[in-house]
Amino acid sequence: MKSLALFCAIVLLAGCGDQATSTVQGYVEGDYQRIGLPAAGQVVSLAVDRGSAVTAGQELFTLDHDAEQAALAQAQALLEQATGQRDNLLTGRRLLEIKGMEAQQAQAEASMRLSEAQLRRQEALVKSDFASHEQVDEARSALDRDRARVAELSAQVAFAHEGGRNAEIAAAEAGVRAAQAALGQAQWRLDQRRGLAPQDARVDDVLFHPGEQVAAGQPVVSLLAPGNIKLRFYLSPQQVARAPLGSVIGLACDGCAASMTAKVSFIASEASYAPPVLYSREGKDKLVFLIEARPVQAAPLLHPGQPITVTLPPAGDGK
């Protein structure tokens, strides 16, 4: 098709007979966005039709996503589990458990005070020979036992109020972060099963329909954004100097508004020619350069394949 357009342009230029003409024929072309997804799958829904307008972020189609949905649910459950374990360490024991431990501590302290009193009594009696040294040793041993019990319960109560140990809490925090990362990854994989419009555009073509299998990276929908419309025309070596990059050219087409303009955005680095034209004094007049330009104003009436007439700037005026 490009060869046909090039041949037609050469014929038009050759038929003009005036290489310094200010008007040339061209046509409208578009830079299409072909939307696909990185993974293969089956198309399960199609949210747009050919020719419909879409906005940025709008859903175009979806691929089968049962496995990704299940993985997301699993990741959410693991995050809830990790968060619960972390919170349990941070809050410590339940209030009723702590109260029970505190009651045991009070009982142990009471037993210790009783043992202290009994030791003092035995020490007084042994001085009057009313008690033996064995009874004093027994009372002292009971006091030591009660003191150790009080120390043990005090440590348990303090630990219950404080919560888990620092290392356990750090491990639990790391578990929560890992679960959050796994959830984010599962959500990303699910999102990769939905094709979204990258910008406002028109649906130029629908390449696959629900029930059809799509390979990884294969486009499902083709879009054409208004800003991706461009003009193509061909200039002879004598004319190309009149339309340098950035220069403004006139634009006309059937049904278009008057005084439309476009800005030159591309000039081919090499001239093209149609065989069997040879490089000679006569053949060089049939050489042409491909030129592309972008409309300056919004041009909703321009469509790919539409013929247009380009008016070049006056000779010597590159702007």
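Bear in mind that the values here come from a model prediction, so they are computed numbers and not experimental data.

Caption draft 1: A look at the overall build of the protein. Along its length, the protein carries six helices and 14 strands. Total accessible area on the protein is roughly 18,700 Å²; 55% of this is exposed by carbon and sulfur atoms.

Caption draft 2: Main features of the layout of surface pockets. When its volume is computed, the largest pocket comes out at roughly 320 Å³. As for the largest pocket, its lining consists of 16 residues, and the residues nearest its centre are Ala-225, Pro-226, Ile-229, Ala-299 and Pro-300. Elements with a contribution of two residues or more to the lining of the largest pocket: β7 (201-206) and β13 (289-295). Of the residues assigned to the lining of the largest pocket, the class counts are 11 nonpolar, three polar and two charged.

Caption draft 3: View of the pairing of strand β14 (residues 307-311). Residues Ile-308 and Val-310 of β14 are buried on one face, while the alternating residues Pro-307, Thr-309 and Thr-311, pointing to the opposite face, are not. In terms of strand pairing, strand β11 (residues 248-252) meets β14 through three bridges, oriented antiparallel. Of the residues in β14, the one forming a bridge with Leu-251 is Val-310.

Caption draft 4: Here's a closer look at the confidence of the model for the protein. With 85% of its residues at a pLDDT of 70 or more, the protein shows a mean pLDDT of 83. Ignoring residues within four places in sequence, the model shows residues 274-281, a span with pLDDT below 50, making seven contacts including any to other chains.

Caption draft 5: Spatial organisation of the sheet that holds strand β2 (residues 33-35). As summarised here, the arrangement of the four strands in space is β2-β9-β7-β4, forming an open sheet in which the pairing is antiparallel. For this open sheet the edge positions go to β2 and β4 (53-54), each flanked by a neighbour on one side alone. Bridge count between β4 and β7: two bridges; the pairing is antiparallel. Looking at β7, one finds that Val-54 is bridged to Ala-201.

Caption draft 6: Here's a closer look at the sheet that holds β13. Taken in spatial order, the six strands close into a barrel running β1-β10-β13-β12-β11-β14, and their pairing is antiparallel. Averaged over neighbouring strand pairs, the angle between their axes works out to 45 degrees when direction is ignored. As paired strands, strand β1 (residues 23-30) and strand β10 (residues 229-235) are joined by five bridges and run antiparallel to one another. Of the residues in β10, the one forming a bridge with Tyr-27 is Arg-232.

Caption draft 7: A look at helix α2 (residues 66-91). Compared with an ideal rise of 1.5 Å per residue, which puts 26 residues at 38 Å, α2 spans 38 Å between its outermost C-alpha atoms and is within 8% of the ideal. Considered for burial, the residues of α2 that qualify are Leu-72, Ala-75, Leu-79, Ala-82 and Arg-86. On its buried side, α2 packs onto α5 (166-191).

Caption draft 8: Examining the environment of Leu-207 more closely. Its place among the elements puts Leu-207 in the loop between β7 and β8 (213-214). For Leu-207, a relative accessible area of 34% corresponds to the partly exposed category. Along the primary structure Leu-207 and Arg-34 are separated by 173 residues, whereas in three dimensions their C-alpha atoms are 9.5 Å apart. In this view, Leu-207 contacts Glu-212, Pro-219 and Val-220; residues no more than four positions away in its chain are not counted.

Caption draft 9: Here's a closer look at the pairing of β1. Counting buried positions over the eight residues of β1 gives six, a clear majority of the element. Taken together, the five bridges between β1 and β14 define a ladder with antiparallel strand orientation. Bridging across to β14, Gln-25 finds its partner in Thr-309.

Caption draft 10: Geometry of the side chain of Gln-33. Here Gln-33 is to be found in strand β2. Judged by relative accessible area, Gln-33 falls into the buried class, the value being 19%. In terms of polar contacts, Gln-33 uses its side chain to reach the side chain of Gln-199, at 3.0 Å. The contact partners of Gln-33, leaving out residues within four places of it in the chain, are Pro-198, Gln-199, Val-221, Ser-222, Leu-223, Ala-225 and Asn-228.

Caption draft 11: Representation of the pattern of salt bridges. In the structure shown here, the tally under the stated rule is 14 salt bridges. Between Asp-205 and Arg-50 there is a salt bridge, with its nearest N and O atoms 3.8 Å apart. In this pair, Asp-205 sits in strand β7 while Arg-50 sits in the loop between β3 (41-46) and β4, placing the two residues 155 residues apart along the sequence. Where Glu-116 meets Arg-147, a salt bridge forms, and the shortest distance between an N and an O atom there is 3.8 Å.

Caption draft 12: Quick peek at the side chain of Asp-146. One can find Asp-146 in helix α4 (residues 133-162). What Asp-146 contacts, discounting residues up to four positions off in sequence, is Ala-108, Ser-111, Met-112 and Ser-115.

Rules used in this analysis
- Residues numbered from 1 in each chain as written.
- Predicted model: local features only at pLDDT ≥ 70, side-chain atom pairs only at ≥ 80, totals over all residues.
- Heavy atoms only, no water.
- Helix = DSSP H or I, 4+ residues; strand = E, 2+ residues; numbered from the N terminus.
- Areas by Shrake-Rupley, 256 points an atom, 1.4 Å probe, with all protein chains shown as cover.
- 1 Å grid on protein atoms, 1.4 Å probe; cavity = no way out; pocket = protein on both sides within 12 Å on 5 of 7 lines; lining within 4 Å.
- Points joined across faces, edges and corners; volume = space filled by probe spheres on them.
- Nonpolar A, V, L, I, M, F, W, Y, C, P; charged D, E, K, R; others polar.
- Buried < 20%, exposed > 50% of the residue type's maximum accessible area, 1.4 Å probe, protein only.
- Pairing = 2+ DSSP bridges.
- pLDDT = per-residue confidence, 0-100.
- Contact = heavy atoms within 4.5 Å.
- Axes fitted to C-alpha atoms, helices over the stretch in contact; angles between N-to-C directions.
- Expected span 1.5 Å × (residues − 1).
- Polar contact = N/O pair within 3.5 Å; in protein donor to acceptor, adjacent residues only side chain to side chain.
- Salt bridge = Lys/Arg side-chain N within 4 Å of Asp/Glu carboxyl O.

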